[in-house]
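Coordinate inspection notes
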Amino acid sequence: MSATQLYTKYTRVWIPDPDEVWKSAEIIKDYKEGDKSLQLKLEDETLYEYPLDLQGKELPFLRNPDILVGQNDLTALSYLHEPAVLHNLKVRFLESNHIYTYCGIVLVAINPYEPLPIYEQDVIYAYSGRNTGDMDPHIFAVAEEAYKQMARDEKNQSIIVSGESGAGKTVSAKYAMRFFTTVGGSASNTNIEAKVLASSPIMEAIANAKTTRNDNSSRFGKYIEIGFDKKYHIIGANMRTYLLEKSRVVFQAEDERNYHIFYQLCASSSLPEFKDLGLTCAEDFFYTSQGGDTSIDGVDDAADFEKTRHAFTLLGVKESHQMTIFRIIAAILHLGNLEIQGERDGEACSVSSEDEHLSSFCSLLGVEHSQMQHWLCHRKLVTTAETLVKSMTLHQVENARNALAKHIYAQLFTWIVQHINMALHSTVRQHSFIGVLDIYGFETFEVNSFEQFCINYANEKLQQQFNSHVFKLEQEEYMKEEISWTLIEFYDNQPCIDLIEAKLGILDLLDEECKVPKGTDQNWAQKLYDRHGASQHFQKPRMSNTSFIILHFADKVEYQSEGFLEKNRDTVYEEQINILKNSKYQMVADLFQEEEAVPAVPARKAAPRINVRSATPPFKAANKEHRKTVGHQFRNSLHLLMETLNATTPHYVRCIKPNDEKIPFKFDSKRAVQQLRACGVLETIRISAAAFPSRWSYPDFFNRYRVLMNKRDLSKNDKKQICQTLLKDLIKDPDKFQFGRTKIFFRAGQVAYLEKLRTDKFRAATIMIQKTVRGWLQRAKYQRLRRATLTLQRFARGHLARRHFWNLRRSRAAIILQKQYRMVRMRRAFLRVRSATLTIQAFARGMFVRRIYHQMLMEHKAAILQRFVRGWLARVRLRRARAAAVVLQCHWRRLRARRQLQALRIEARSAQHLKKLNIGMENKVVQLQRKVDEQNKENKLLNEQLSMLTSAHSSEVEKLKKELQEYQQSQQGDGNQLLSLQEEMEHLRMELERAHGEREVMEDSHNKERDLLRKRISDLEEENALLKQEKEELNSTILCQSEDEFARNTVEENIQMKKELEEERSRYQNLVKEYASLEQRYDNLRDEITNIKHTPGHRRNPSNQSSLESDSNNPSICTSEIGDTEDVIQQVEEIGMEKAAMDMTLFLKLQKRVRELELERKKLQAQLEKKEQESKKSQVVETKAEVASEHEDFAYNSLKRQELESENKKLKNELNELRKAIADNATQNNSSSDVQDSYNLLLNQLKSANEELEVRKEEVLILRSQIMKAAQQKETGKNMESISHNASWPNSDQYVDREDAIEAYQGMCKTNWLLEAQLQEQKKNHEEEVEALRNKVDLMQEELEKQQQAFLQTLQLSPEAQVEFGLQQEITRLTNENLDLKELLEKLEKNEKKLKKQLKIYRKKVQDFEAFQAMAPEEWRSHEGNIQMAVQRKEKDFQGMLEYYKEDEPRLIRNLITDLKPQAVSATVPCLPAYILYMCIRHADYINDDQKLNSLLTSIINGLKKVLKKNYNDFEMTSFWLANTCRLLHCLKQYSGEECFMTQNTAKQNEHCLQNFDLAEYRQAFSQLSIQIYQQLINIAEGILHPRIVSAMLEDESIPGLSSVKPLGYRKYSTSFAEGDCDSYTLDEIIHQLNTFHSTMCDQGLDPEIIQQVFKQLFYMINAVTLNNLLLRKDVCSWSTGMQLRFNISQLEEWLRGKNLQQSGAAQTLEPLIQAAQLLQLKKKTSEDADAICSLCTSLMTQQIVKILNLYTPVNEFEERVTVAFIRNIQKLLQERNDPPQLLLDFKHMFPVQFPYNPSAITLDSIHLPASLKLDFLNKV
């Protein structure tokens, strides 16, 4: 097509720009032939006139449509040229943050200069097994392609990683090796993967350095071969190195460093083991300080050194060898610090013998000091006649010293590489290998020397190999599609290679000049001018005679010849080498020995197809070694590398450095274009563009461009013919396209032309639609206006009519208002007159009434005065009479007292009386003496306190006086201060006196209270005696009433005791079961820990931790009892402190127990404080009531306490007697009569105890009621006096007694009090439960905060540290769980011993009882015989048991498990094998044969494991045995005899329970087996569904027509896909497969709860796989995919509803995928859209949302892209989320499974055995 068709208006082009290299512009005027310029408009809206040449052949490059921008593959662009490639990379890098892009077979990797979350383990598994074009470009995709081709084609592979320094070559190679070690992990436990990865830190330390372009630049090339066996597991590796930059050891440019190992060693020089090295900081050494700054920002050399040492240890380098390596490196540093002194005008020089660096160098290498001192400054000249020793000049000595340092480091480097290869070598035969080549890219600097020459020479060879491989792939593609093609012309750099390596080339001339005795760089340069001056790839600079220019494929490079000869010779003097050979350290001597002395590494033995030799030439003695020049060695190793690469299938990774400032996500177009030209990417584009770069499959082309076809063509069925017809009509030139077998091939620009036609068609259709829509809008607008006009007219007319109506209505209303107003006015006048009349009457009547009232009041007051006067006169007369009587009594009493006094005096004179007095007085004197002593002590204490106070007071007075004097001196005349001080002194004195007074008052009050208490006690004792008498009187009346109630209570107590005994038995059984389950759990945890220790790192253990419902309904045993702690302490005391200190487990137990006791103490303290607060509150509330009834409550409480204490003592005695009797009866083996007597005795004692207890209870209640009644009578006596004696109830005419009414009232009060007490108790219990729950919540919150803190700390660590920290956390958790299980195991053992003892006692009692029954009377025996006969007659009926002989057990297992097919029992009862096996188990239990039972159960478990292992991929068989295993487990529970499992059993089923054995341990084993079968079932289902998910969910066209807007994809080469790799599946197939799973499980009787869990797991896997692929594929992140995905999810949800699986939780697992689909369909422009996305996508993590937005691709050119600003806004809004830094979902995650108890309604005796099972050897019982 002509230029006038392409360069039309609105077409966008690229024009050159000095700053941005290329700039976009839009044509604003159509181009016509002959125009001298193009009229353009730039992106900033400025106009620009682009000049053209006269011939019109230099038109600007056309820009691709927006729909093609951002493609994963650069070759998929329609216009293939430099600006298109640069723009596509820039858009992907800056807008989408995609660092990887395909360019045909090349992966272009741009260094982002910041870590990205795209290299996790989940990403590796996501790319594993996928085709290259299915996922977004990634280094893992290239590694997977290499691994897949190696396994499929059985051909060795190579990955070639190249690029500039700092472009990320080493990191890319490291990630590729990580992929291989993860996917192809070793089959054994040799840990070869870790060793392969451990070689990287070592090589980075010894061969990487800081340069001006990169802080960790690799200064050598390496080729790592990773070997695989026949099963494609890693078995070993081998490394080859190329051209180590030895000159860096002795020289570094500005802002550069030496190799990292030197600085790491200096940073660790303070370690004790490095004291002998004599090292200090790096600034003190010449070889490490030439570049200036010796540190790198963000790099810790000491920490990196520890990693290096750890890597050495992991690779098996001995500690002694490591120390020797560090000694050699330190010796090199000391060698560089030698002080060389010139002599005789510089013709000779010397080194001082006292030079400390020379001494350190010699001691570290173990060589002779004098010899090294001499030969550093002299050299030996050997002639035919004699040998001369010649002194060297200062310059020669420095060169020799530097050469020696470089040679030592090179030999050490080679030794380390050899030992790494030895550590990575494997004795297993290598089947194939994948090589990873990390080599330097094309380099050009201001000054280019020998190293840049060798590097560019190697890149020329690699570029030649790359061009030929690309051409070969293009040729294979054309031949496969059977299209006619011509040879493609591409740049051949063979002439440039010949210039360098051919005969008499640059390298030959350099070697020849090195052989000349006095050869110089100038002479060699002159030879180059003479020999190659006419070559088209060689030029001589105009201004220099020592430089030369080579025209490489990437650029023109000028080399300075200075130093070429010296670097090529690499001269090291023989005498110095001989000294090092004689070192006393064997390793140092071995470095410089002959080749035979160096151990060979047979790494090439296993190569199947080629004989690969070592790239590093073998070492010989010094006098022979340096005869081979460096250039010759490099050329040979490069030829070996090319042979290896040519024998393998290469894969290319080109690393690009986006900017020189190392700023994250900054793109410098100039630097990028330079590297694209240098690395061959543009050459790949040129080769692709020269032929047919655009390729479309026929279906894709048809769906994309069907809009250009006419209706007649669309009616045809052959899409291929339709496409051919369309292209012939649209593109007239047949050379612009070719039709292949499956694809259409286009020349460059043709797809863009088709896109232009498609866009024009859409634009015309859009205009038509807009025209029609606008016309419809205008018509709709006119109709709306017309309807509005009519509506307005209607409303206006209505308004006028309504206004007239309102006028008429208002006129009528005015008349009515006037009438009503006149009536109201007249009525108000009448009411005023009437009100005045009534007021006058009221006042007159009130006046007369008040007059009568005052008269009555006066008469009443007079009566009161008379009454009081008469009373006063009577009281006066009474007082006079009483006073006279008292006087008379006093006189009479005085007379009698005098007479008695005289008699006492006479008696007191007698001796007997004095003795009696003395006896009492002595005791009183002693008591008084004690009181005096106590008073003296108290007085003494008070005196001491008083003295202290007086002394303090005096000191204070003195102090105040001094202050007063000072104050008077400073301020004379101020007396207010003195008065205040005096007042304060007086105040202190008053307080002191008041304190003394208070003390005396307190003593008096204490004495009074003591006297009152004594008196009160005596009163209480008297009252107690009275109450006892009343109790005895009431007992007689109560006994007769309580006999019936006593008998009833006795029966209830007996029933209650039986229930408690049964509960004790069930509790014991539950304890035994729980012990068995915990023991099994302990074994499982121990096995899991063992597996964790021995499982290789690359394997993923599924998270299959499942939780089973406990067989017991009792809570788990508490592990924090005090007795366990005491046992542990006793154990420590027994074994001794020394031994106990070594027991770490015991220490951890004690430590944990201390923490638990501390928590319990805090909890109890909190409860105590709470109760104290509650008691205080209750005391405040009940203060008034206590004051009112204090005396009565105290009497009642004291009486109740005494009675209860006596009752408690009596019951304790009786209980001890009962226990003693039981123990005697349990231990003695008496006769039946003794047993019967003891049994009767126990019953009588129990009966009497119960009777006495009930009597005591009744007595207490009666006493309490009597006391309360008396108190109430006293309090309410006065109130009840006013109550009528003839009280009557309402609604009743009968007479009610007063006492009965009072008693009824008191009963109601008691009832209310009891109800209130119960309510308070319930409230208190509720508050305690709430408080306990709050404590639990607080503990959980604390634990959560700790976990969050640990998680935040983990996020701050490096990835390696995160892994290590995670392992430490997991080990700690497992250790704690292990300790808990140990403690629980010990407690269960103790409980088991106790319960066994109790079981023995009960068993003995049962045996005694059976013996007693055996000796019963004869009549009872005959009756029993009759019953026996009846049972024998019924035994003929089937009782649900199957009998078999021991020798038939293998046959039973074989017929019922091993060889059984699910189809054989499909027409029978579901889970029939489980029922049959249980009936056999029941018979073994019935006959009490434990050996037979154990053998049968063990055989069942082994048979199930065998059949599952045999059918590990059979879903039907696995589902069948999962159903039967669960049913057998349910039967073992249902018929176990435990009440918790028998609640739903019928009476017939209860007869089928086990009788003799408890199979709790086997139930646990079957539970574990069920979990294993469930996991196998899930793995089988996932294996079936996994390959179909992506194709069905993301690629299938469930909604027809959406694929017409499908964007272009990756151009797939024929070598990338095998036959059958492109299988496609539909959603209907997945639904059909789910239906198959569901019907299979339902038909086989699997529990519905388990079926729900199966589909929940499968739907989670569908969600995870689909979402992971969505996050890693740009081609499916579009609006159409979102709609397609939402439709597919709705189909799955509809299937769940159809199968009644809504409650399974499967739909909830699809929530992240639903939100991802909605995110693809939402608007993505404004801030409101951003808020909507953040509020909607709650199940997606922040990284996933941002990733989807970055991947979002417009479906057509009319849709806008997601802007970078919008994505940044989303990130800002989502900052508050604490999402984990995880991009992909773990599709291998497995939810915990639960097997709920599901009893069967089928009775065992109703089961029929079909003949097809061949179980005729089973006998029904």
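Report follows, based on the coordinates. (Residues numbered from 1 in each chain as written. Predicted model: local features only at pLDDT ≥ 70, side-chain atom pairs only at ≥ 80, totals over all residues. Heavy atoms only, no water.)

As a further point, take the sheet that holds strand β18 (residues 538-539). If you walk across this open sheet you meet the three strands as β18-β19-β20, and the pairing is antiparallel. Looking at the sheet topology across the chains shown, the edges are occupied by β18 and β20 (556-560). In the sheet, β18 pairs with strand β19 (residues 547-551) via two bridges, with the strands oriented antiparallel. What sits directly across from Phe 538, in β19, is Ile 550. (Pairing = 2+ DSSP bridges. Helix = DSSP H or I, 4+ residues; strand = E, 2+ residues; numbered from the N terminus.)

Another aspect to go through is the environment of Gln 121. Along the polypeptide, Gln 121 turns up in helix α3 (residues 121-127). Spatially, the C-alpha atom of Gln 121 lies 9.6 Å from that of Arg 178, the residues being 57 residues apart in sequence.

This part takes up the packing of helix α45 (residues 1560-1595) against helix α48 (residues 1679-1698). Where α45 contacts α48, the axes come no closer than 8 Å and their chain directions differ by 115°. Within the contact between the two elements, α45 uses Ala 1592, Met 1593 and Leu 1594 and α48 uses Thr 1681, Leu 1685, Asn 1688, Ile 1689 and Leu 1692. Classifying every residue of the contact of α45 with α48 gives six nonpolar, two polar and no charged. (Axes fitted to C-alpha atoms, helices over the stretch in contact; angles between N-to-C directions. Contact = heavy atoms within 4.5 Å. Nonpolar A, V, L, I, M, F, W, Y, C, P; charged D, E, K, R; others polar.)

Turning our attention to the packing of helix α47 (residues 1648-1671) against α48. Helix-helix packing is described using two parameters, namely the angle between the two axes and the distance between the axes. At a closest axis distance of 13 Å, the pairing of α47 and α48 adopts a crossing angle of 180°. On the basis of the axis angle, α47 is roughly antiparallel to α48. Taking contact as the criterion, the partners of Phe 1655, Phe 1659, Ile 1662, Thr 1666 and Leu 1670 in α47 are, on α48, Leu 1685, Leu 1692, Trp 1695 and Leu 1696. (Parallel < 35°, antiparallel > 145°, perpendicular 65-115°, else oblique.)

Looking now at the pattern of salt bridges. Taken as a whole and judged by the stated rule, the model has 31 salt bridges. Note that Glu 204 and Lys 174 form a salt bridge whose closest N and O atoms lie 3.1 Å from each other. With Glu 204 in helix α6 (residues 192-207) and Lys 174 in helix α5 (residues 169-183), this residue pair connects regions lying 30 residues apart in the sequence. Lys 174 sits in the partly exposed class, given a relative accessible area of 27%. Here Lys 527 and Glu 513 are joined by a salt bridge, their closest N and O atoms 2.7 Å apart. With Lys 527 in helix α17 (residues 521-532) and Glu 513 in helix α16 (residues 506-515), the pair connects residues that are 14 residues apart, well separated along the chain. (Salt bridge = Lys/Arg side-chain N within 4 Å of Asp/Glu carboxyl O. Buried < 20%, exposed > 50% of the residue type's maximum accessible area, 1.4 Å probe, protein only.)

The subject of this paragraph is the sheet that holds strand β6 (residues 100-103). Overall, mixed pairing links the seven strands, which are arranged β6-β7-β21-β8-β17-β11-β12 in an open sheet. Two strands close off the open sheet at either side, each with one partner strand: β6 and β12 (234-242). The average undirected angle you get between the axes of adjacent strands in this sheet is 20°. Here strand β11 (residues 221-228) runs beside β12; their pairing, made up of eight bridges, is antiparallel. Pairing of Ile 226 across the sheet is with Ala 237, part of β12. Contacting β8 (157-163), β11, β12, β17 (432-438) and β21 (649-656), α5 runs over the sheet at an angle of about 160° to β17.

With glycine set apart, most residues show a phi of negative sign, and most peptide bonds adopt trans. Positive phi outside glycine occurs at Val 21, with the angle close to 70°. Relative to the helices and strands, Val 21 resides in strand β2 (residues 21-27). The exposure class assigned to Val 21 is buried, which follows from its relative accessible area of 15%. With a phi angle near 60°, Leu 504 is a residue other than glycine that sits in the positive phi range.

Note that Gln 675 resides in helix α23 (residues 669-679). Separated by 2.6 Å, the side chain of Gln 675 and the backbone oxygen of Lys 657 make a polar contact. Reaching out from Gln 675, the side chain makes a polar contact with the backbone oxygen of Arg 671 at a distance of 3.1 Å. The contact partners of Gln 675, leaving out residues within four places of it in the chain, are Glu 164, Cys 655, Ile 656 and Lys 657. (Polar contact = N/O pair within 3.5 Å; in protein donor to acceptor, adjacent residues only side chain to side chain.)

Below, the discussion takes up a negative patch on the surface. Taken together, the side chains of Glu 254, Asp 255, Glu 283, Asp 284, Asp 293 and Asp 297 present a region of like negative charge at the surface. Within the element layout of this structure, Asp 255 appears in the loop between β12 and α7 (260-267). Judged by relative accessible area, which is 44%, Asp 255 ranks as partly exposed. (Patch = residues over 30% accessible without salt bridge, like charges linked within 9 Å, V, L, I, M, F, W, Y side chains within 5 Å. Areas by Shrake-Rupley, 256 points an atom, 1.4 Å probe, with all protein chains shown as cover. Lys, Arg positive; Asp, Glu negative; His and termini not counted. Charge placed at Lys NZ, Arg CZ, Asp CG, Glu CD.)

Taking 1.5 Å of rise per residue, 31 residues should cover 45 Å, and helix α13 (residues 394-424) covers 45 Å from first to last C-alpha, within 8% of that figure. Within α13, 25 of the 31 residues are buried, which leaves it mostly tucked inside the rest of the structure. (Expected span 1.5 Å × (residues − 1).)

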